[in-house]
Amino acid sequence: MANSSPRAVGVMGGTFNPIHYGHLVTAEEALVAFDLEQVVFVPAGHPWQKDQDEVAPAEDRYLMTVIATATNDKFHVSRIEIDRPGPTYTIDTLRGLKETLGGDAELWFISGADGILNIITWKDPEAVLREARFIAATRPGYDLDRLEKELPSGFEDRVSILEIPALAISSTDIRRRVRERRPLRYLVPEGVARYIEKRGLYGGGAPST
Ligand code: ATP
Ligand code: MG
C-alpha cells in the first residue's frame, strides 16, 4: 500500500483458507472493470462463522496470500484483521483501511455475491454500505435475485454486479483435495501448493522441518 494519493481502491476480504485462483481472477477482473488503483487483500483474523478445526493459523493464511499476490504489482495484503484481537467487524476494517490509505481513498469491497449478503445482513449494514461501495462477483450457481431482494432499500446503487469467468473453485474443495492427496495444480498458485505441503496444512501430512 505504498501509493501516495489513492482513489478507487479494491478491498478483497476473505478467510483465504487457502487463497485460490477464484479469488485472484475476481480481484483482477474488478481491478480492470472498475479502474481500481490497487486491490488490498484482507485475510480474516478470526473467522467465527467457519468451522474452527478447518481454519489454518492466521499467519499461514496471511503468508499464502502474500505468496499468491507477489507477482502482481497492484495486489497488496493487509494485516489489519489478523493483527486485531477478538472478532472483526467489516465496518472497523473499512474505517481502518481508510485511515491508512488517506481520506481521498474510495473503497470498493469485492466479494462473491454470497459473501456480500453475509456482510450486509450482519452488523450495521447501512453503515457498511456508506463506508464502501460493493462489487458482487457472480459465482457459479448463485441466484442474483436474492441479493436484489435483501439489499436495504436506498442502497441499490452502492452495489455493482461483476460477471467473472465461471470458476467453481472453492477453498473447501482445495482442503478436501489435500486430505485426499488429489492435485492442486492449476487451482492455486504453485507457491501456495508448496506452502501447504511444507507446513502440512489441511491434514495433508506432517510438516517438514
Ligand atoms: P470456503 O470454501 O472455505 O468458504 P471460499 O472459497 O468461499 O472458502 P473465502 O475466503 O470464504 O473462499 O472467500 C473470500 C471471498 O471470495 C468471498 O467473497 C467469496 O464469495 C469469494 N470467492 C470465493 N471463491 C470464489 C470463486 N471461485 N469465484 C468468485 N469469488 C469467489
Ligand atoms: Mg466461502
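### Thoughts on the overall build of the protein
The secondary structure content of the protein amounts to eight helices and six strands. Residues classed as buried in the protein amount to 49% of the 209 residues present. Partitioning the intrachain contacts of the protein with sequence separation of at least 6 by distance along the chain shows that 75% fall at a separation of at least 24. Split by element, the accessible area of the protein, about 10700 Å² in all, is 47% carbon and sulfur.

### What about the sheet that holds strand β6 (residues 159–162)?
Across a sheet, paired strands are connected by hydrogen bonds in the backbone, their directions being either parallel or antiparallel. If you walk across this open sheet you meet the six strands as β3-β2-β1-β4-β5-β6, and the pairing is parallel. At either margin of the open sheet sits one strand with a lone partner, and together these are β3 (75–77) and β6. When the angles between neighbouring strand axes are averaged without regard to direction, this sheet yields 30°. Where strand β1 (residues 8–14) lies against strand β4 (residues 106–112), five bridges are found, and the strand directions are parallel. Along β4, the bridge assignment pairs Val9 with Leu107.

### Things to note about unusual backbone geometry
The omega torsion across Asn17 and Pro18 is 0°, close enough to zero to call that bond cis. Its place among the elements puts Pro18 in the loop between β1 and α1 (21–33). Even without being a glycine, Arg181 presents a positive backbone phi close to 55°. Residue position: Arg181 is located in the loop between α7 (171–179) and α8 (190–199).

### Details of the packing of helix α2 (residues 58–69) against α8
The interhelical angle for the contact between α2 and α8, taken along N-to-C directions, is 150°, at an axis separation of 9 Å. Judged on the interaxial angle alone, α8 and α2 are roughly antiparallel. As α2 packs across α8, the resulting crossing turns out to be right-handed. Seen from α2, the contacting residues are Asp60, Leu63, Met64, Ile67 and Ala68; seen from α8, they are Gly191, Val192, Tyr195, Ile196 and Arg199. Grouping the amino acids of the contact of α2 with α8 by side-chain chemistry returns seven nonpolar, one polar and two charged.

### So, the packing of aromatic side chains
Per the counting criterion, the structure on display carries four aromatic pairs. On the numbers, 5.9 Å between centres and 50° between planes, the contact of Phe16 with Phe41 is tilted. Within this pair, whereas Phe16 is found in the loop between β1 and α1, its partner Phe41 is found in strand β2 (residues 38–43), the two being separated by 25 residues in sequence. For the pair Phe16 and Phe41, a shared accessibility class is recorded, and that class is buried. Ring-pair connections join several aromatic residues into one group, and the members of that group are Phe16, Phe41 and Phe75. The ring of Tyr62 carries Arg79 above its face, with NZ or CZ at 4.6 Å from the centroid.

The rules behind each value
Residues numbered from 1 in each chain as written. Chains lettered and ligands numbered in written order. Predicted model: local features only at pLDDT ≥ 70, side-chain atom pairs only at ≥ 80, totals over all residues. Heavy atoms only, no water. Helix = DSSP H or I, 4+ residues; strand = E, 2+ residues; numbered from the N terminus. Buried < 20%, exposed > 50% of the residue type's maximum accessible area, 1.4 Å probe, protein only. Contact = heavy atoms within 4.5 Å. Areas by Shrake-Rupley, 256 points an atom, 1.4 Å probe, with all protein chains shown as cover. Pairing = 2+ DSSP bridges. Axes fitted to C-alpha atoms, helices over the stretch in contact; angles between N-to-C directions. Parallel < 35°, antiparallel > 145°, perpendicular 65-115°, else oblique. Left-handed = near helix turned anticlockwise from the far one by under 90°. Nonpolar A, V, L, I, M, F, W, Y, C, P; charged D, E, K, R; others polar. Phe/Tyr/Trp six-rings, centres within 6.5 Å; stacked < 30°, edge-to-face > 60°. Lys NZ or Arg CZ within 6 Å of the ring centre and 35° of its normal.

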